[in-house]
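Architecture at a glance
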Amino acid sequence: MKTPSNELFNLIKSLTPSEKVFFKQFSSRKTDRNNYVILFDSINQMKQYDEEAVKTKLKNQPFIKNLKQAKSYTIEAILKSLQEYHSTESVAAKLCNHILQADILINKRLYPQARKIILKAEKIAREFSEHYYLGMLLSRKRALMLMESDQAGLKTFSEKEYPAELRNLDIIRNQIDFNNLDVQTIYTTNSRIAGKEGDDKKLNALLKHPLLQSEEKALSLPARLKYSNVMATVFTLRKDWAKSSSYLEEGILTLEKEPTSIKHNATIYFQLMGNLI
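Residues numbered from 1 in each chain as written. Predicted model: local features only at pLDDT ≥ 70, side-chain atom pairs only at ≥ 80, totals over all residues. Heavy atoms only, no water.

**Remarks on the environment of Met231**
Structurally, Met231 can be placed in helix 11 (residues 221-237). Considering only alpha carbons, one finds Met231 and Lys217, 14 residues apart in sequence, at a separation of 13 Å. Residue contacts for Met231: discarding those within four places in its chain leaves Leu207, Leu212 and Tyr247. (Helix = DSSP H or I, 4+ residues; strand = E, 2+ residues; numbered from the N terminus. Contact = heavy atoms within 4.5 Å.)

Below, the structure is given as structure tokens:
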């Protein structure tokens with residue numbers, strides 16, 4: 001017999017008290033979401049998930065006949081509430097919201113308002129090195145000019161923004177390459193922990209990678225942080241503590257030169273700090 005899914009239970013238990021309160025407020029906006037709250041409250045009271053106990057406790061609820069579907073809908077409702085709850089916290093969430101707003105305004109042919117939002121979001125994307133979103137914004141900027149038949153704007157875009165778009169694509173590719181180097185480093189680290197052979201060859205191959213020959217090969221702040229982290233990890237594995245510390249310090253200084261980006265890159269910042277200590 002298939003074991004009942006505990007995904008909803010795990011999701012509920014991961015919520016903070018304020019997130020739980022927000023979910024109930026979020027669900028109260030529509031009467032058809034009361035079922036979510038009833039199921040939510042029942043599972044929230046459990047220390048371990050027991051589907052039979054849920055069925056017994058809520059046997060008089062109509063949705064209990066299709067508990068699997070009710071659980072799925074409740075998960076979706078919780079995720080939507082979390083999306084709204086955290087929509088103003090992360091830079092990525094803000095940019096997603098701005099892009100959606102711009103798309104809505106473009107579809108309504110409210111081009112001046114759309115342009116205002118696009119320019120605002122473009123500034124944020126550049127400030128925080130969010131090049132993936134920057135590419136989406138530049139494409140919308142171009143589309144907006146085409147819709148408005150802005151000849152002067154299109155000429156400027158072709159001469160200045162188009163090269164910037166290509167440069168942005170290079171930066172995105174560069175970040176992907178550095179992310180892959182980071183994955184290779186983690187894989188090599190785990191292999192060494194497991195006592196597998198050939199680790200030294202893998203480390204030497206990593207150090208010879210063209211992108212790791214100079215920090216200048218990293219074209220953005222995220223890529224420079226990955227560069228520092230990868231190099232520090234490689235030299236840690238080689239037990240060269242001096243070089244490892246040097247690259248950790250380099251990564252920390254890279255972020256501290258741009259203090260507004262520390263919160264945005266908090267995970268890798270504290271990772272570098274922790275490894276240095």
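**Describing the side chain of Asn168**
Locating Asn168 in the fold gives a position in helix 9 (residues 151-193). You can call Asn168 buried: its relative accessible area is 4%. At a separation of 2.9 Å, a polar atom in the side chain of Asn168 contacts the main-chain carbonyl oxygen of His131. Not counting chain neighbours up to four residues away, the residues in contact with Asn168 comprise His131, Leu134 and Gly135. (Buried < 20%, exposed > 50% of the residue type's maximum accessible area, 1.4 Å probe, protein only. Polar contact = N/O pair within 3.5 Å; in protein donor to acceptor, adjacent residues only side chain to side chain.)

**Describing the pattern of salt bridges**
Between side chains of opposite charge, a pair can form when the charged atoms approach closely. Across all of its chains, the model carries 13 salt bridges by this definition. Across the pair Glu122 and Lys141 runs a salt bridge whose closest N-O atoms are separated by 2.8 Å. With a gap of 19 residues between them, Glu122 in helix 7 (residues 111-127) and Lys141 in helix 8 (residues 131-148) connect regions that are remote in the sequence. Like Glu122, the residue Lys141 is buried in the burial classification. (Salt bridge = Lys/Arg side-chain N within 4 Å of Asp/Glu carboxyl O.)

**Things to note about the packing of aromatic side chains**
Considering all chains together, one arrives at 7 aromatic pairs under this definition. Between Phe22 and Phe26 the ring centres are 6.5 Å apart and the planes differ by 25 degrees, which places this aromatic pair in the stacked class. Placement of the pair is Phe22 and Phe26 together in helix 2 (residues 17-27), with a separation of 4 residues, close to one helical turn. Across this residue pair, the class does not change: Phe22 and Phe26 are buried. On the numbers, 5.8 Å between centres and 5 degrees between planes, the contact of Phe235 with Tyr247 is stacked. Taken together, the residues span a long stretch of sequence, with Phe235 in helix 11 and Tyr247 in helix 12 (residues 241-256) at a distance of 12 residues. Members of the aromatic cluster, connected to one another through ring pairs, are Phe22, Phe26 and Tyr85. (Phe/Tyr/Trp six-rings, centres within 6.5 Å; stacked < 30°, edge-to-face > 60°.)

**Comments concerning the nonpolar core**
By size, the foremost hydrophobic cluster in this structure holds 25 residues, and its most contacted members are Phe178, Leu181, Leu212, Tyr227 and Met231. Counting residues per element, the ones that place at least two in this core are helix 9, helix 10 (199-207), helix 11, helix 12 and helix 13 (266-276). For this core, the leading source of residues is helix 11, giving 10 residues. Ranked by size, the runner-up nonpolar core spans 22 residues in total, among them Phe40, Ile43, Ile64 and Ile78. (Core = buried A, V, L, I, M, F, W, Y, C linked by side-chain atoms within 4.5 Å.)

**Quick look at the packing of helix 11 against helix 12**
Close contact between helix 11 and helix 12 brings their axes to 7 Å; oriented N to C, the two are set at 165 degrees. As the angle between them shows, helix 11 and helix 12 are arranged roughly antiparallel. For the crossing formed where helix 11 meets helix 12, the hand is left-handed. On helix 12, the residues that touch Leu221, Arg224, Leu225, Tyr227, Ser228, Met231, Ala232, Phe235 and Thr236 of helix 11 are Trp241, Lys243, Ser244, Tyr247, Leu248, Glu250, Gly251, Thr254 and Leu255. When grouped by side-chain class, the residues that make up the contact of helix 11 with helix 12 number 10 nonpolar, 5 polar and 3 charged. (Axes fitted to C-alpha atoms, helices over the stretch in contact; angles between N-to-C directions. Parallel < 35°, antiparallel > 145°, perpendicular 65-115°, else oblique. Left-handed = near helix turned anticlockwise from the far one by under 90°. Nonpolar A, V, L, I, M, F, W, Y, C, P; charged D, E, K, R; others polar.)

**Overview of unusual backbone geometry**
Peptide bonds are trans in most cases, and residues, glycine excluded, mostly fall at negative phi. The backbone of Arg109 sits at a positive phi, close to 65 degrees, despite the residue not being glycine. Residue classification places Arg109 among the exposed positions, given a relative accessible area of 64%. At Lys239, a position not held by glycine, the phi torsion is positive, near 60 degrees. Considering the arrangement of structural elements, one finds Lys239 in the loop between helix 11 and helix 12.

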